[in-house]
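Chains, contacts and geometry: an overview
Chain residues, written in single-letter form:
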Amino acid sequence: MVSRVIPVDNFDLVIFGGTGDLARRKILPGLFRRYHSGQMPPEARIIGAARSEMDRKGYQAEVKAALEEFVPKGSRSDESIKGFLEGIDYVTIDAMGEGGWKELSAMLRPDVVRAFYFSVAPSLFGPLAERLHGHACAGPTCRIVVEKPFGRDLESAKALNATLRSHFDESQIYRIDHYLGKETVQNLMAVRFGNVLFEPLWNAQYIDHVQITVSESVGVDGRGAYYDKSGAMRDMVQNHLMQLLCLTAMEPPSRFDPDAVRDEKLKVIRALDPVKPEDIVRGQYTDPTKGRAYLEQVGDPDSRTESFIAMKLAISNWRWAGVPFFLRTGKRLKARYSEIAIVFKDAPHSIFGQRAGQHRNVLTIRLQPNEGMDLFVTIKEPGPGGMRLVDVPLDMSFAEALGPDAEDVPDAYERLIMDVIRGNQTLFMRGDEVEAAWAWTDPLINGWTERGDKPLPYETGSTGPEEAAMLLHRDGRRWREIRP
Ligand code: NAP
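All of these numbers come straight from a predicted model, not from anything done at the bench.

Take the environment of Val 390 next. Secondary-structure assignment places Val 390 in strand E14 (residues 389–397). Judged by its relative accessible area of 23%, Val 390 falls in the partly exposed class. With 325 residues separating them along the chain, Val 390 and Ala 65 place their C-alpha atoms 51 Å apart. In this structure Val 390 touches His 359, Val 377, Thr 378, Ile 379, Lys 380 and Glu 381, once residues within four positions along its chain are discounted.

Pasting the structure below:
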């Protein structure tokens, strides 16, 4: 299979927070890979911006070190690093101050795509937007990329939207959710809407339930203070899991264009029922090693913030009436493993009798590790043992299916940044979508805060609190295994 790399237009990309963790680990290595693959034009420029005093050479040295640390050896060469660094510049700017903006404005070229990546603390999004305008860096065609978290509740998200919209049109605002940039997530749309096979079955008549699992094996570790103000609901469910849910449950858009897709996603969020307290299980990890339990790591023995959440949701519309959606995500679980599983109903009548056992088709969409899909189908167990049935996966691992080309599949950040340059907002959240997600989330958080619910303990390396299993057991279902 031959991968096709379509070069994007020439651009100036300013990364506010160009010296930060995200820029070093994801944004710069991602851009480099696009350069290395020939997608990023050699004349394109990347300008780092932060408070640190540094000149162009100093920043180039930092970028080089980041590439050497985060880009695998086989995906880089001295020559391509050298070429990439030629397009790197730096400007010292404090988002809260007035220095450096004139220099930045002078660096920007009038005739190329202009984008500003806000890879800084959310409290700086507003001041940056304001100063970009005040100092004539922004124009009607430039774009801003805004990192998560986008607010911490409906009120703050509305305020942030209002601030950004007072300086930029919605069509210029790219709210990033890197889950949407994952190859498999987009394949979910390709599988649903590019094949005749699945869509006729994609409804309450044939689907028993859906499970969405995003399991992490790491803890909050160095980010304890930040995480404790947020928790799994704000950090993962309101954005990433909600987006996965929307893509799984949405109606087919009339076109694959930004507003058509986002209109359909918005309808899903608006059709979500409020969740009953008994349908939510929250947990905090424990650990026998000193300093590794959640409460120790966040430094607050009374914290009621959850590092795990599982919930049963209902979508009130014709397609999904009566089909539960189970979501779970947490830290320090058994493995780093994320998947969407569509569990189909039993065959209406088993001609093979009880000895053949009960079997169900399941379509799983794996996000990590090893992105790909499995469709479990029931077949006869080979051998002379009579008609015994067994479920086997029709496995489509992208790495295997695409061979060496799979290595060139861009990671989520690369793809999304290229979409910003192309001016394609399909995989970015619209302001009303983010607000709708908070409008659904807020009452749940307020509910458990007012009731004073305490998260349940769960052991490091487990699958979460026992009660999470009960969410499904009580209806005769069970979670799929979290596989290492
Ligand atoms: P970080 O490592 O703390 O870096 C922050 C960056 O902002 C640094 O470059 C810092 O450089 C710059 N900065 C701080 N104050 C500034 C100011 N007043 N004016 C201009 N620049 C300023 O943070 P990060 O982890 O890269 O995260 C950046 C954003 O991405 C945050 O919104 C975070 O929530 C989000 N995010 C991060 C990750 C991740 O994996 N790291 C994942 C998802 C989302 P100076 O100190 O030199 O100014």
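Each disulfide is one covalent bond, formed between the sulfur atoms of two cysteines. If you walk through the whole model with that rule in mind, you get zero disulfides. Free cysteine: Cys 142, not disulfide-bonded; nearest cysteine sulfur from Cys 137 at 9.1 Å.

This part is about the sheet that holds strand E15 (residues 456–459). Strands in a sheet are paired, the pairing made by backbone hydrogen bonds, and the direction either parallel or antiparallel. Read across the open sheet, the nine strands follow the order E14-E13-E12-E11-E7-E10-E9-E8-E15; overall the sheet is mixed. Two strands bound the open sheet, and with one partner strand each, they are E14 and E15. Across the sheet, the mean angle separating the axes of adjacent strands is 20° when strand polarity is ignored. Against the sheet, helix H15 (residues 466–473) touches strand E7 (207–215), strand E8 (280–286), strand E9 (308–313), strand E10 (325–330) and E15, its axis set at about 10° to E9.

Along its sequence, the chain is organised into domain 1 (11–147) and domain 2 (180–410 + 430–473). For domain 1 versus domain 2, the separation of C-alpha centres amounts to 34 Å.

The next subject is the site of the ligand. Lining the immediate surroundings of the ligand are 20 residues, of which Thr 19, Asp 21, Arg 25, Ser 52 and Val 120 lie closest. One nitrogen or oxygen atom from the main chain of Gly 20 is found 3.0 Å from an oxygen atom belonging to the ligand. Protein contact buries 73% of the 890 Å² of open area that the ligand shows by itself. Looking at which element gives the most residues to the shell around the ligand, the answer is helix H1 (residues 21–36), with three residues. Class assignment for the residues of the shell around the ligand results in eight nonpolar, six polar and six charged.

What counts and what doesn't
Residues numbered from 1 in each chain as written. Predicted model: local features only at pLDDT ≥ 70, side-chain atom pairs only at ≥ 80, totals over all residues. Heavy atoms only, no water. Helix = DSSP H or I, 4+ residues; strand = E, 2+ residues; numbered from the N terminus. Buried < 20%, exposed > 50% of the residue type's maximum accessible area, 1.4 Å probe, protein only. Contact = heavy atoms within 4.5 Å. Disulfide = S-S within 2.5 Å. Pairing = 2+ DSSP bridges. Axes fitted to C-alpha atoms, helices over the stretch in contact; angles between N-to-C directions. Domains from an automatic or database assignment. Near = heavy atom within 4 Å. Polar contact = N/O pair within 3.5 Å; in protein donor to acceptor, adjacent residues only side chain to side chain. Areas by Shrake-Rupley, 256 points an atom, 1.4 Å probe, with all protein chains shown as cover. Nonpolar A, V, L, I, M, F, W, Y, C, P; charged D, E, K, R; others polar.

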